[in-house]
Structure formats: structure tokens, C-alpha cells
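Topology and contacts: notes
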Amino acid sequence: MNTLVAEARRVSPRRDRLRPLLVASIGNAMEWFDWAAFVTFAALLGPHFYPAGDTTTNLLRTLSVFAVGFLFRPLGGALIGAYCDRRGRTTALRLSLLMMAGGSLLIALCPPYRTVGVLAPALLVVAKALQGLSAGGEGAAMSTYVNEIAPGGRRGLYSSAVYVSTTLGTLAATLLALLLRNTLTPAELGDWGWRVPFALGALLALYGWYLRGRMRETPVFDAVRERSPNPARQVLRTHPRAAARVVAFTLGATVVYYTFASYLPLYAQLRYGIPANAALQAAVVAQVVFMAALPLFGMAADRWGRRPLLLVFGCGFACLSPLLFGLLSGSAVRLGAVMTAALLLFGCYAGAAPSATLEMFPTSLRSSGVGLPYALTVALFGGTAPYLIEYLSAHGHAAWYPWYVVALCLISTVSFFRYRETKDVDLAAVGEG
């Protein structure tokens, strides 16, 4: 198998690897635009999907649906991950985008509560379930694909495209929110303007589905002769320690990401009274800096290894999380500085973890091996992070949340210390046992 893969890589020009990397990244950005739009516009969804209530109650209801969407991610990780390991990386990537488009379109077209009653929140849950299934499979399939097409010694750099494109999607949702808030009146935004990002997201996802139809399968996957009929079950039977390590790796990172990259601008608006435009502008600056730095973190992981960067991330957030929250105030400049610092520290994880986790599993189980444990952890801890921070704040315990982040990052750090470096491993040579 190694000979076949080496020959396939030898005859593939560099542009033939960069083109599919670009297409996969564009599709991933479109997928995460859809996902980020929900939390970005969460404050506007409550009045349409629920009976009359105060702002906090409606927001908590909407965020609970956001968390429910995450509960479907493990199922997506298992089903789409298995599909990816049996049928191929490209077909799985197309399937995930199609499901994301369906969920976004359903939200865009859903009638309000005053018209259809409880059917409105029920349809919202169905839409987030579809998106949860999609997101659960997309992450592992995308990471697997870009790592398997990467040339030797460049997997960290190539895998940085996962978070670059994810952040690009989040950034696009943020910029659209700024555009709509500055071109529509509050009444127009609340009446129909909130539907625009979901309708646009559905169209973009369908375009990404079309683009991914032109992607070639990875040489590493094509060289596999035997494929498991039940990859998820085989992972749990033959690689339980690696699966548990993926969970430990993800614990701190998922809470950090959904706190500092996704929810912090809305949190700052609600808790500190920062105007929406100023908070969103701060988020844009932080996300642009983060995206620009990510390839550098990927190259650092290729040169010095995954383990040093992972340890910097884990120890950094274990020590600095309370300080970062303590620096927040009514200043948008401070919000931007906190987000930028947090995302740059998170970049150590983003540049190293995608390749580090995938290198633990053989080709025939790679997507399932990462997809299920990763999605399960994100569902339980990442998806509930916005709800938890709002719940604690509403009950006068906002100061508890940073220590929750510290505790999870400490668990991850212990796992990083015990991790054996894999930067020089040949993906095609990882054993099937």
C-alpha cells in the first residue's frame, strides 16, 4: 500500500493538491457560515419561535435549541464518519453539506409561533438536528481529507485549513450581521432580516456541494483494500485508548472555541452593554488575526511537533482563563484584545490537534476514530457552553464559568503530557490493529 500511495503522490503536481484543498476549505467555510449564523442571530430568533417572554428567557430557549443541535453531532460523527471510511472522503463531504443546506433552508422558511404555534419551535429543533448531523460528520471528514492529500512534513500546515475555513465561515456570518444591522431598521431586522443569513447559507452550502462533486478521492484511501463494515464499532473494539485520547484532547478546546470565538461578542453585549456593532467589529478583528496566524501554527507543528503546541494551549488556558474574563468590561477595545489573545493561544491547538488525532488511527478507521469521540465531546461541552455561561450569569454566578474552563483545560493538559509525538508517522503505514 505504501508504494501505491508514494507513486500517487509523486505523479500528482502540487497544484493538484492545492486545488482540492481550496475546494474542501470553501465548502467547510460555507458549512460553518450556516452553523455560526444561528448563534450570531440568536437574540432575534426567540420572539419568532416562542410565545411572548422576556429577552433572557427567549435567548435561553434559543440557545437550548443550539445545544440540542450539538446533541445530534455524535450521531453525525458516527454515521457520516462510517460512510466516509466505507465510501470515501469526497462523498461524505458532499453529504454533510447537503444536510447543512436543508437545515438552513428550513430555518429561513419556517413560519413564526404566532402563526403555527408549537410547530415553529419543533421545526427549529428539526433544522438544528439536521445541521448537527452535518457538523458532526464534516469535521472529521474534512480533517481526514486534507491530512491525506498533504505532502510529507506538511500535514500541520494543510490541516490548519480546517480552522482557517471554519473561522472564515464564522467571520462571514459576523460581517453579514454587521451589514444587516447597518442597512435595515430594527423593525425590519426583527421582522424578516434575520431570515437572510439562513437563506443565503442554504444557497452557499448547495454551491459548496456542487464544487465538492469535482474533488478527487485521496490516494491513501484509494489504496485501502479492506474496509470495515462497521468502522465505529471496530474503533471502540480495537482502538479504545486512542478514542479516549481524542475525548481528552477535545474537552478544553471545544469550550474555549465556542466561548471565545463564537459566543463572547453576544455575551459582552448582554452583560457589559457593549453596542452590537462595536462587539461585532471587535470579533471581526480578532477572527482576521486568528486566520492569518493559523498557517504559522501549522508550520510550527510540522517543524517542532504537535506536543509542544498542545501543551502551550492547555497550560495557557488553565492559567489565564480567569484573567481573560476579568479583563472584559464595557470597552469594545478590551473585548477585541481578549478575543485576539484567546484565539491566538487557541491557535496552538488548532495547528496541531487535527493532524495529531488523525495520526492515531489507520486509514480504514480514521474518520470514524476521530468523528464519534470528537463530536460527542463537542456536543456535551462545546454546545452547552453558551447556555451554561448565560445560565450562570442569570443566577449571579458568572465568576464560576472561567474556573469551569480551567478544569477542562487541565484534563486536556494531562492528556497532552502523555501523548507520544506522531509528526513523522506515515499515514499510509499506521497499523490496522
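Residues numbered from 1 in each chain as written. Predicted model: local features only at pLDDT ≥ 70, side-chain atom pairs only at ≥ 80, totals over all residues. Heavy atoms only, no water.

Considerations on the overall build of the chain
Helix and strand counts for the chain stand at 20 helices and 0 strands. Computed over the C-alpha atoms, the radius of gyration of the chain is 21 Å, within 12% of the 22 Å expected from 2.2 N^0.38 for a compact globule of 433 residues. By principal-axis analysis of the C-alpha atoms, the chain measures approximately 65 × 45 × 40 Å. For the chain, buried positions account for 60% of its 433 residues. Long-range contacts, defined as pairs at least 24 residues apart, comprise 87% of the intrachain contacts of the chain with a sequence gap of at least 6. Of the roughly 16,700 Å² that the chain leaves accessible, carbon and sulfur atoms contribute 65%. The chain carries 36 positive and 20 negative side-chain charges, and their two centres are separated by 2 Å. (Helix = DSSP H or I, 4+ residues; strand = E, 2+ residues; numbered from the N terminus. Rg over C-alpha atoms; globule rule 2.2 N^0.38 Å. Buried < 20%, exposed > 50% of the residue type's maximum accessible area, 1.4 Å probe, protein only. Contact = heavy atoms within 4.5 Å. Areas by Shrake-Rupley, 256 points an atom, 1.4 Å probe, with all protein chains shown as cover. Lys, Arg positive; Asp, Glu negative; His and termini not counted. Charge placed at Lys NZ, Arg CZ, Asp CG, Glu CD.)

Re the packing of helix α14 (residues 240-272) against helix α18 (residues 366-382)
Two quantities define a packed helix pair, namely the angle between the helix axes and the distance between the axes. In contact at an axis separation of 8 Å, α14 and α18 are set at 40° when each is read in the N-to-C sense. As far as their axial angle goes, α18 and α14 are oblique. The handedness of the crossing between α14 and α18 is right-handed. Seen from α14, the contacting residues are Ala243, Val246, Val247, Thr250, Leu251, Thr254, Val255 and Tyr258; seen from α18, they are Gly369, Val370, Pro373, Tyr374, Thr377, Val378, Phe381 and Gly382. (Axes fitted to C-alpha atoms, helices over the stretch in contact; angles between N-to-C directions. Parallel < 35°, antiparallel > 145°, perpendicular 65-115°, else oblique. Left-handed = near helix turned anticlockwise from the far one by under 90°.)

Description of the pattern of salt bridges
For the structure shown, the criterion picks out 7 salt bridges. Across the pair Arg89 and Glu148 runs a salt bridge whose closest N-O atoms are separated by 2.8 Å. Here the residue Arg89 occupies a position in helix α6 (residues 89-109), and Glu148 occupies one in helix α8 (residues 119-149), the gap between them amounting to 59 residues. Comparing Arg89 with Glu148, the two get one shared label, buried. For the salt bridge of Asp302 with Arg306, the shortest nitrogen-to-oxygen distance reads 3.2 Å. The residues Asp302 and Arg306 share a single accessibility class, namely buried. (Salt bridge = Lys/Arg side-chain N within 4 Å of Asp/Glu carboxyl O.)

What about helix α5 (residues 73-87)?
Its 15 residues place the ends of α5 20 Å apart at the C-alpha level, agreeing with the 21 Å of an ideal helix rising 1.5 Å per residue. By the burial criterion, the buried members of α5 are Arg73, Pro74, Gly76, Gly77, Ala78, Ile80, Gly81, Ala82, Cys84 and Asp85. Once α5 finishes, Gly88 follows within two positions and takes phi at roughly 125°, a positive value. (Expected span 1.5 Å × (residues − 1).)

Brief notes about the state of the cysteines
In protein structure, a disulfide is the covalent linkage between the sulfur atoms of two cysteines. Within the structure shown, the criterion is met by 0 disulfides. This cysteine, Cys315, is not joined by any disulfide, and Cys319 carries the nearest cysteine sulfur, 6.4 Å off. According to the relative accessible area criterion, Cys315 is partly exposed, its value standing at 31%. Cys315 supplies the cysteine sulfur nearest to Cys348, a cysteine that is in no disulfide, at a spacing of 11 Å. (Disulfide = S-S within 2.5 Å.)

So, the side chain of Asn147
The topology assignment puts Asn147 in helix α8. Apart from the residues lying within four places of it in its own chain, the contact partners of Asn147 are Arg155, Ser159, Pro354, Ser355, Leu358 and Leu427.

Examining the packing of helix α15 (residues 276-304) against helix α17 (residues 332-358)
Across the interface, α15 lies against α17 with an axial gap of 8 Å and an inter-helix angle of 25°. On the basis of their axis angle, the class for α15 and α17 is roughly parallel. When you trace α15 past α17, the crossing you get is right-handed. Split by residue class, the contact of α15 with α17 holds 20 nonpolar, 6 polar and no charged. (Nonpolar A, V, L, I, M, F, W, Y, C, P; charged D, E, K, R; others polar.)

In short, the description is geometric, and any link to function would need to be established separately.
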